[in-house]
Amino acid sequence: MNKLYKPEIVKKVIDDTHYYYVDGVFKPSVTKILQEAMPTPFALRQWIGEVGNDKAKEKLEKAGERGTALHNACEEMLRGIEIDLTQFPVEADKKCLVAFKNWCAEYQPEVVEIEKILASELDYAGTLDILCKIKGKLTIVDIKTSSAVYDEHILQITAYQNALKEMTGESADRMILHLNPRTKIGYSVWEEKDMMIGNCIVTINSFMTVYNMYLMLNGGEIPQPKEVIDYPLTLKL
């Protein structure tokens, strides 16, 4: 058995941006790598052209806030916390949360860990949504609330799968849970057999192709973040 990778990982969140320090050294997040190096899907480029850059930025920021709120609510339900649906006035969001409850009833996930922070010896880090067992099989579940499931989502969960294997020695299946209020049941599921781009099965090599493009776009080096300052929680004269 190969020696397990056991780094010390520190995650800092500044202005909604995640910074990962692995054994004291900054490592880029999986999402940052994909955002910078993956091409923008054609449908999204077309939409931005139709609504304009400023309007698109505003809408995408609101969509990000919505996605965060839904993620948090789903994770709270997994922790046994009752969700107040009156805090979600939009009908589509209510349907997504009910859909998540129904997915749990159907798949019966046995939660191992929520928001598990990972790092890879391949020089990246990230946080997976849910690590659980489904029908006895260890599974990484990534929740998506976007309008569709994109190639970058499959690459993202693949990077997490690899890092988990490095750190624990355990092989996990991948599952993307797409909460989509436009569907009849409110969700759809991408399972291990669906982790493909075109006709190709997505592996860690697929992600590293994008990673190498990220490095090339940054002059062959991991760009260092702006200085991250740890402010105290309170101030007093």
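Use the structure listed above.
Structural notes, computed from the coordinates.

A look at helix H5 (residues 151-168)
Right, on to step 1. For H5, spanning 18 residues, the distance from its first C-alpha to its last is 26 Å, which sits close to the expected 26 Å at 1.5 Å a residue.
Right, on to step 2. Here H5 lies mainly inside the structure; 14 of its 18 residues are buried.
Right, on to step 3. Backbone geometry just after H5 places Gly-169 at a positive phi near 80°.

So, the packing of aromatic side chains
By convention here, two paired aromatic rings are described through the distance between centres and the angle between planes.
Right, on to step 1. What the rule picks out here adds up to six aromatic pairs.
Right, on to step 2. Every member of this aromatic cluster is reached through a ring pair, and the members are Tyr-124, Phe-207, Tyr-211 and Tyr-214.
Right, on to step 3. Lying over the aromatic face of Tyr-21, Lys-12 brings its terminal NZ or CZ to 5.2 Å of the ring centre.

Topic: the pattern of salt bridges
Right, on to step 1. Here the structure, examined in full by the defined rule, presents six salt bridges.
Right, on to step 2. Between Lys-32 and Glu-36 there is a salt bridge, with the nearest N and O atoms lying 3.1 Å from each other. Here Lys-32 pairs with Glu-36, and both are found in helix H1 (residues 30-37), just four residues apart, close to one helical turn.
Right, on to step 3. A relative accessible area of 39% means that Lys-32 is categorised as partly exposed.
Right, on to step 4. Look at Glu-36 and you get partly exposed, because its relative accessible area is 32%.
Right, on to step 5. Its salt-bridge partner being Lys-144, residue Asp-142 comes within 3.1 Å of it at the nearest N-O pair. Per residue, the accessibility class of Asp-142 equals that of Lys-144, and both read buried.

Comments concerning the pairing of strand E5 (residues 124-134)
Right, on to step 1. The element E5 is largely enclosed, with a buried count of 10 among its 11 residues.
Right, on to step 2. Sheet topology places strand E4 (residues 110-120) next to E5; nine bridges connect them, and they run antiparallel. Residue pairing in the sheet places Val-111 in a bridge with Cys-132 of E5.
Right, on to step 3. Where E4 folds back onto E5 in an antiparallel hairpin, the turn is made up of three residues, including Asp-123, whose phi is positive at roughly 75°.
Right, on to step 4. As defined by bridge partners, E5 adjoins strand E6 (residues 137-144) across five bridges and the pair is classed as antiparallel.

Rules behind the numbers
- Residues numbered from 1 in each chain as written.
- Predicted model: local features only at pLDDT ≥ 70, side-chain atom pairs only at ≥ 80, totals over all residues.
- Heavy atoms only, no water.
- Helix = DSSP H or I, 4+ residues; strand = E, 2+ residues; numbered from the N terminus.
- Expected span 1.5 Å × (residues − 1).
- Buried < 20%, exposed > 50% of the residue type's maximum accessible area, 1.4 Å probe, protein only.
- Phe/Tyr/Trp six-rings, centres within 6.5 Å; stacked < 30°, edge-to-face > 60°.
- Lys NZ or Arg CZ within 6 Å of the ring centre and 35° of its normal.
- Salt bridge = Lys/Arg side-chain N within 4 Å of Asp/Glu carboxyl O.
- Pairing = 2+ DSSP bridges.

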